[in-house]
Amino acid sequence: MVEFGISMDGRAPVTDIPAQAKAAEEGGASTLWIACHLYLRDPITMAALALGATKRIKIALMAMSPYSVHPVFIAMAAATLEEMYPGRVILCLGAGAPADLKAAGLEATKPLVSIDEAAKICRSLLDGEMADFQGQVFHVAGRRLANGGRKVPIVIAASRSRMLKLAGRATDGVLISAATSPPFVKACLAEAASANPGFQKVGIVYTKLGATEKEGIDPIRRPIGFVLRGAHHAENIRLSGAKLDQAALAIAYAAENWTEVDRLVSDDVVRRHAACGTPDQVRAKLEEYRAIGLDEVVIGGMDDAPSIAAALAAVRR
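The shown structure was predicted, so the numbers you read here are calculated from the model rather than taken from an experiment.

Criteria and thresholds
- Residues numbered from 1 in each chain as written.
- Predicted model: local features only at pLDDT ≥ 70, side-chain atom pairs only at ≥ 80, totals over all residues.
- Heavy atoms only, no water.
- Helix = DSSP H or I, 4+ residues; strand = E, 2+ residues; numbered from the N terminus.
- Expected span 1.5 Å × (residues − 1).
- Buried < 20%, exposed > 50% of the residue type's maximum accessible area, 1.4 Å probe, protein only.
- Contact = heavy atoms within 4.5 Å.
- 1 Å grid on protein atoms, 1.4 Å probe; cavity = no way out; pocket = protein on both sides within 12 Å on 5 of 7 lines; lining within 4 Å.
- Points joined across faces, edges and corners; volume = space filled by probe spheres on them.
- Nonpolar A, V, L, I, M, F, W, Y, C, P; charged D, E, K, R; others polar.
- Salt bridge = Lys/Arg side-chain N within 4 Å of Asp/Glu carboxyl O.
- Phe/Tyr/Trp six-rings, centres within 6.5 Å; stacked < 30°, edge-to-face > 60°.
- Lys NZ or Arg CZ within 6 Å of the ring centre and 35° of its normal.
- Core = buried A, V, L, I, M, F, W, Y, C linked by side-chain atoms within 4.5 Å.
- Arc of directions from axis to C-beta.
- Axes fitted to C-alpha atoms, helices over the stretch in contact; angles between N-to-C directions.
- Parallel < 35°, antiparallel > 145°, perpendicular 65-115°, else oblique.
- Left-handed = near helix turned anticlockwise from the far one by under 90°.

Visitor: Sorry if this is basic, but what is going on with helix α5 (residues 111–126) here?
Guide: One full turn of an α-helix is made of 3.6 residues, so residues set three or four places apart face in the same direction. For α5, spanning 16 residues, the distance from its first C-alpha to its last is 22 Å, which sits close to the expected 22 Å at 1.5 Å a residue. The complete set of buried residues in α5 reads S114, I115, E117, A118, A119, I121, C122, S124, L125 and L126. Its buried side turned inward, α5 meets α3 (71–84), β4 (89–93), β5 (131–134), β6 (139–143), β7 (154–157) and α6 (161–170). G128 lies just past α5 and shows a positive phi near 90 degrees.

Visitor: Is there a simple way to think about empty space enclosed by the protein in this case?
Guide: Picture a little ball the size of a water molecule; that probe, rolled over the atoms, points out where space is still empty. Following the criterion strictly, the structure yields 1 cavity of 30 Å³ or more and no others. Considering the residues around the largest cavity, the lining is formed by S7, M8, D9, G10, R11, A12, I17, Q20, M46, M302 and D303. At the level of elements, β1 (3–8) and α1 (17–26) are the ones that each hand at least two residues to the lining of the largest cavity. Looking at the lining of the largest cavity residue by residue, the classes come out as 5 nonpolar, 3 polar and 3 charged.

Visitor: What should I look at first to understand the pattern of salt bridges in this one?
Guide: When charged atoms on two side chains of opposite charge get close, those side chains can pair. Counted under the stated rule, the structure contains 18 salt bridges. Note that R271 and E213 form a salt bridge whose closest N and O atoms lie 2.8 Å from each other. Of the two residues, R271 sits in helix α13 (residues 267–273) while E213 sits in helix α8 (residues 213–217), which places them 58 residues apart along the sequence. On the accessibility criterion, E213 (25% relative accessible area) is partly exposed. Here K214 and D218 are joined by a salt bridge, their closest N and O atoms 3.0 Å apart. Here K214 falls in the exposed class, since its relative accessible area comes to 53%. A residue is classified by how much of its surface remains accessible, and D218, at 31% relative accessible area, is partly exposed.

Visitor: Even after reading the chapter, I still don't get the packing of aromatic side chains, so can you show me in this structure?
Guide: Two aromatic rings are characterised by how far apart their centres lie and by the angle between their planes. Taken as a whole and assessed by the stated rule, the structure comprises 2 aromatic pairs. Ring centres of Y253 and W258 lie 5.0 Å apart, and the angle between their planes is 85 degrees; on these two criteria the pair is classed as edge-to-face. Given a relative accessible area of 13%, Y253 falls into the buried group. The class for W258 is partly exposed, based on a relative accessible area of 28%. Following the ring pairs from residue to residue traces out a cluster consisting of F226, Y253 and W258. For R229, the ring lying beneath its charged end belongs to F226, and the centroid distance is 4.4 Å. Cation over ring: R229 sits above Y253, and NZ or CZ is 5.5 Å from the ring centre.

Visitor: I would appreciate a short explanation of the nonpolar core in the present structure.
Guide: Within soluble globular proteins, side chains that are nonpolar generally end up buried alongside one another. With 73 residues, the main nonpolar core has L32, I59, L91 and V174 as its most contacted residues. The leading source of residues in this core is α5, at 7 residues. Dropping the residues within four chain positions of it, L91 is found in contact with L61, M64, I74, A78, C122, L126, V152, P153, I154 and V155. One finds W33, A179, L228 and L264 within the second-largest nonpolar core, a separate group that totals 34 residues.

Visitor: Looking at this structure, how should I read helix α14 (residues 279–292)?
Guide: Taking 1.5 Å per residue, 14 residues should reach 20 Å; α14 reaches 20 Å between its end C-alpha atoms and fits that length. Along α14, the residues that are buried comprise V282, K285, L286 and Y289. Axial view of α14: buried residues confined to an arc of 95 degrees, hence all on one face. Structural note: α14 exposes D280 and A291 on the side pointing more than 90 degrees away from its buried face.

Visitor: Could you clarify how one ought to interpret the side chain of Q246 in this entry?
Guide: Counting through the fold element by element, Q246 comes out in helix α11 (residues 246–254). Apart from the residues lying within four places of it in its own chain, the contact partners of Q246 are L228, R229, G230, A231, H233, A234 and I237.

Visitor: What's the story with the packing of α5 against α6 in this structure? I'm lost.
Guide: Two quantities define a packed helix pair, namely the angle between the helix axes and the distance between the axes. Running from amino to carboxyl end, α5 crosses α6 at an angle of 15 degrees, the nearest separation of the two axes being 10 Å. Considered as vectors, α5 and α6 are oriented roughly parallel to each other. At the point where α5 passes α6, the crossing takes the right-handed sense. Contacts between α5 and α6 involve P111, L112, I115 and D116 from the former and R162, M163 and L166 from the latter. In terms of residue class, the contact of α5 with α6 is made up of 5 nonpolar, no polar and 2 charged.

Given below as structure tokens:
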């Protein structure tokens, strides 16, 4: 049976994290996927608070970028959390949003090489090995983690062909971003197909419940706009069949012109890229994603404990 997870994107007050984590665990969620978005809240702190407030649910650091955090520090964070909460930590690596990296003065050069090298370094350190890696981007030699020897699964957040194939070839799983349409998710999973029987296929689906479809759609426009403004989502939008001016959306988002963002992210765009509306509508859309072959459907767009509880109750009815 497909598992359901919950994603946290760092927009909610950090004081709300324990309550959200408890609601997710009590609602039967398998994993909390805690996002690493520059300029939002720190995912490592959020993960520690979530783990401390719960007993069983796993957490995933998602998606830690080697451009903003060195792979050694990424491995340190995952190993330290795993040391305190064994068997409950997943590490997700990803390049990060190009616009956010640029705003921090960071350039995402050689993304495929950088993520491949970061995954190798993290795996070596987490396994407790003496790191000896001389790559094109990263160099680590003659050191091991003080708390290595940790069984931490590594997955890659991917949306492009070569990165998807890297995930299928070199790691334990793949994470498909939120705001991705079912046709795009299907194409991504085909690219990441792996002979590894334990390979995990995970996808985030922005979800919002309402008494009417409109009540579900309206609050999700801006989170969807945040994702779809990225040029790397052009194929996602094309496969969905939606009509969206990405360039105009990026300009509107950068200017915090929310009226224009809401106009550009139309009802049709939301319907094609999220699960929103009444409980019946949400269940039907999530089933569409599940039927593609995802092992875990991660419910995104929830920003408070009652919403998390209601969403999990609806999908499990």
